[in-house]
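# Remarks on the overall topology
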Amino acid sequence: MQITMTVNGDSVSREVEARVLLVHFLRDVLGLTGTHWGCDTSNCGLCTVLMDGQPVKSCTVLAVMASGHDIRTVEGLASGGTLDPVQQGFMEEHGLQCGFCTPGMMLTARALLDKNPDPSEEVIREAISGQICRCTGYATIVRSIQWAAAHPAGSSQAETPAADPASTDTAEVSV
Amino acid sequence: MQIPAAFEYARAESLDHALQLLAEHGEESRVIAGGHSLLPMMKLRIASPEWLIDINDLSELEHITEDGDWLRVGALARHVSLLESDVVVGHFPIVRDAEKTIADPLVRNRGTIGGSLCQADPAEDLSTVCHVLRAELVIRGPNGERTVPMKELHRGPYETSVEPNEILTEIRWPIRARSSSAYTKVERRVGDWATAAAGASVTLGAQGQIEDVAIGLTAVGLDGSTATRSQDAVRGQQPSEDLYAEAGRLAAEDCNPMGDQRGTEAYKRHLADELTRRVLRTAVGRVMSNAGSRG
Ligand SMILES: Cc1cc2nc3c(=O)[nH]c(=O)nc-3n(C[C@H](O)[C@H](O)[C@H](O)COP(=O)(O)OP(=O)(O)OC[C@H]3O[C@@H](n4cnc5c(N)ncnc54)[C@H](O)[C@@H]3O)c2cc1C
Ligand code: FES
Ligand code: FES
């Protein structure tokens, strides 16, 4: 059937089978492979995207159910060549190792900071509690989100230009 | 990769439209609300409906409204709305206690109270909450509306008295003076189902005695989730630690848990005892502190 939704600000229309999950629609139909996909059983939170600003597990939403809604993926975090403070925070505070959980973690962080710009550590830990990270032990993820809270978009420190992927890697190593 | 079997999808535009779609497509059609129980089952091919009727656009089923002696909650109210509602926690702190422990924040953004009750999983926390609060359920079908008490909703595990051509539309909780409630759950980690959990609601009389009480237990094989003998032991008595201990002892005796990866039978009986004491203590304490704060 024909579905239309907003993905990262752009309206997209596609013909899909009703049984296609949102995660596969984003990855396989739209080619937005930044949304990761892990357990397949609604447990790991790797597939998290924002639906109307709220983090949801895209492996547990049908693409047809997302029709008419506003979807934001990790590809939509940076804007106009500027990294989102959350992305910057994950670089500054080593919020990732393998990066598998990172897109989902960053989207949840964005949604949290939009609602509560100055969350306590407890509130941050609660917000990411549905998402599993096998690498970091969460401590650096919490610090990354705290960094983003302390450097909201528009403040001078957050105005770091978005680097291309290669130099992003270097930036991380050089800290 | 888990993908559901093929099905047809229709999005309902109103409650009447949803009922009409269910009537049209018959027994092989299923309502989908948050989809956080149904989709995982469809991905495992435990469920393979031919038609999914999506009710997520029915904003008329999202309300949380105080109406005289009742709090009326639309079947489509999400876990997150119940968790964050001040009017809900004001009258029924048990709901926030339970919601904090249900699944994880992402699941709570989608899952609904109606879906939880209609799923009828014996480990569903909101079922116990609704038993303890003596909820009434409003069900709409082709022949109009009917209201059933919570104890008549579940026919058994995964089976409800909501017929295939019907929709649960509203959950009603009676608001009572000098009353409060509590829920507590033991889980292995965030997002896990209960190893065991207990809920209680109490009403205190003018002399401070427990005038009325409801005690429910989750995931320990208690018939109708209700600890009947514990309730009888407590009703009419002055609250005390000895009384809570007696209620706990009876709950542990009366439940019928199965040992599994979450714990042994003996451990779950121990939890039934301890958690029953805790929820009674907390609920009574809450009534007293409410009374105190109102002078
Ligand atoms: C990882 C994970 C962990 C979880 N942990 C817990 C937990 O700890 N405790 C807990 O209680 N729950 C838990 N849940 C379940 C969660 O609460 C679900 O949201 C809930 O069981 C189903 O709600 P839903 O709106 O998603 O229902 P759906 O999946 O949409 O529907 C479930 C069933 O109810 C029917 N249905 C839905 N709405 C209606 C209606 N209005 N009228 C008639 N029939 C209807 C559907 O046809 C279907 O048969 C967990 C779920 C997941 C994925
Ligand atoms: S892939 Fe969606 S929760 Fe794990
Ligand atoms: S960085 Fe590897 S899973 Fe989180």
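This structure is a prediction, so every number in the text was calculated from the model and none was measured. (Residues numbered from 1 in each chain as written. Chains lettered and ligands numbered in written order. Predicted model: local features only at pLDDT ≥ 70, side-chain atom pairs only at ≥ 80, totals over all residues. Heavy atoms only, no water.)

### Side note on the overall build of chain B
So the rule is basically this: Helix and strand labels come from DSSP, where a helix needs a run of H or I of at least four residues and a strand needs a run of E of at least two; each type is numbered from the N terminus. In this description the radius of gyration comes from C-alpha coordinates, and the expected globular size is given by 2.2 Å times residues to the power 0.38. Burial status follows relative accessibility: with a 1.4 Å probe on protein chains alone, a residue under 20% of its type maximum counts as buried, one over 50% as exposed, and anything between as partly exposed. We call two residues in contact whenever any of their non-hydrogen atoms come within 4.5 Å of each other. Working definition of accessibility: Shrake-Rupley area with a 1.4 Å probe, residue cover restricted to the visible protein chains.
When its secondary structure is counted, chain B shows 11 helices and 13 strands. Against the globule reference of 19 Å for 295 residues, chain B gives a C-alpha radius of gyration of 19 Å, in line with a compact fold. Referenced to the eigenvectors of the C-alpha coordinate spread, the extents of chain B come out at roughly 60 × 45 × 30 Å. Looking at chain B as a whole, 54% of its 295 residues are labelled buried. Expressed as a percentage of contacts within chain B between residues at least 6 apart in sequence, the contacts between residues at least 24 apart total 64%. Counting every atom, chain B has about 12,400 Å² of accessible surface; 46% of that belongs to carbon and sulfur.

### Topic: the site of ligand 1
The condition is simple: The nearness test applies per residue and asks whether one of its heavy atoms lies within 4 Å of the molecule or strand. N or O atoms within 3.5 Å of each other form a polar contact, as long as, within protein, one can give a hydrogen and the other can take it, and as long as residues adjacent in sequence are counted only when both atoms are side-chain atoms. Amino acids are sorted into nonpolar (Ala, Val, Leu, Ile, Met, Phe, Trp, Tyr, Cys and Pro), charged (Asp, Glu, Lys and Arg) and polar (every other residue, Gly among them).
By nearness alone, 33 residues border ligand 1, and V31, S37, L38, T112 and E124 of chain B come closest of all. Residues within reach of ligand 1 are spread across chains A and B. Backbone polar atom of G35 of chain B to an oxygen atom of ligand 1: 2.8 Å apart, as the coordinates give it. Contact with the protein chains removes 95% of the 980 Å² of surface that ligand 1 exposes when unbound. Among the elements that line the shell around ligand 1, the one with the most residues is helix α7 (residues 113–119) of chain B, at five residues. Each residue belonging to the shell around ligand 1 can be placed in one class, and the counts come to 13 nonpolar, 15 polar and five charged.

### Focus: the pattern of salt bridges
All names here are of chain B. Our working rule: Only one rule defines a salt bridge in this text: a Lys or Arg side-chain nitrogen within 4 Å of an Asp or Glu carboxyl oxygen.
Under the criterion given, the structure shown has 37 salt bridges over all chains. For R172, the salt bridge identified is with E170, shortest N-O distance 2.6 Å. Assessed through its relative accessible area of 25%, R172 is described here as partly exposed. Since its relative accessible area comes to 5%, E170 is described here as buried. R229 is the partner of E253 in a salt bridge, and the nearest nitrogen-oxygen pair spans 2.8 Å. Residue E253 is located in helix α10 (residues 241–254), and its partner R229 is located in helix α9 (residues 228–234); the two are separated by 24 residues in the primary sequence. On the basis of relative accessible area, E253 is assigned to the partly exposed category, the value being 45%. Among the ionic contacts, a cluster of salt bridges with common partners joins R134, R176, D212, D232 and R235.

### So, the side chain of S230 of chain B
Residues and elements named next belong to chain B. With respect to the helices and strands, S230 occurs in helix α9. Classification of S230 by relative accessible area gives buried; the value is 0%. Within the structure, the side chain of S230 is placed 3.2 Å from the backbone nitrogen of A251, a separation counted as a polar contact.

### Remarks on helix α1 (residues 22–29) of chain A
L22, V23, H24, F25 and L26 of chain A are the residues of α1 of chain A that are buried. Just downstream of α1 of chain A, G31 of chain A is the residue with a positive phi angle, here 75 degrees.

### Observations concerning the packing of helix α3 (residues 85–92) of chain A against helix α6 (residues 139–150) of chain A
Residues and elements named next belong to chain A. To keep it simple, the criterion reads: Working convention: axes come from line fits to C-alpha atoms, limited for helices to the stretch in contact. Angles between N-to-C directions cover 0 to 180 degrees. Throughout this description, any angle smaller than 35 degrees is read as roughly parallel, any larger than 145 degrees as roughly antiparallel, any in the 65 to 115 degree range as roughly perpendicular, and the remainder as oblique. Throughout, a crossing is termed right-handed when the near helix is turned clockwise from the far one, and left-handed when it is turned anticlockwise from it by less than a right angle.
Between α3 and α6, the shortest axis-to-axis distance is 7 Å and the interhelical angle comes to 135 degrees. It follows that α3 is oblique to α6 by the angle criterion. Considering the relative orientation of α3 and α6, their crossing is right-handed. Mapping the contact onto sequence places P85, V86, Q88, G89, F90 and E92 in α3 and I141, S144, I145, W147 and A148 in α6. Taken together, the residues of the contact of α3 with α6 break down into seven nonpolar, three polar and one charged.

### Observations regarding the interface of chain B and chain A
Our working rule: Buried surface area refers to the total accessible area, computed with a probe of radius 1.4 Å, that the two partners give up upon joining, counted for both partners together.
Taken residue by residue, the interface counts 31 residues in chain B and 33 residues in chain A. A buried area of about 2,500 Å², summed over both sides, lies between chain B and chain A, and 59% of it is on carbon and sulfur atoms. Counting every contact that joins chain B to chain A gives four salt bridges. A salt bridge links K57 of chain A to D104 of chain B; its shortest N-O distance comes to 2.7 Å.

### With respect to the domain arrangement of chain B
All names here are of chain B. Rules: How far each domain reaches was decided by an automatic or database domain assignment.
As assigned here, chain B comprises domain 1 (8–54), domain 2 (61–174) and domain 3 (179–289). One C-alpha centre belongs to domain 1, the other to domain 2; they are set 19 Å apart. Across the boundary between the two partners, domain 1 contributes 12 residues, which contact 15 residues of domain 2. Carbon and sulfur atoms supply 70% of the area that domain 1 and domain 2 bury against each other, a total of about 1,200 Å² over both sides. It is L15, L19 and H36 in domain 1 that bury the most area against domain 2; as a group they hold 42% of the surface buried on that side. The interface formed by domain 1 and domain 2 includes one salt bridge. The shortest N-O distance in the salt bridge between D16 and R140 comes to 3.1 Å. Where domain 1 touches domain 2, the interface holds one residue pair in polar contact (both at pLDDT 80 or more).

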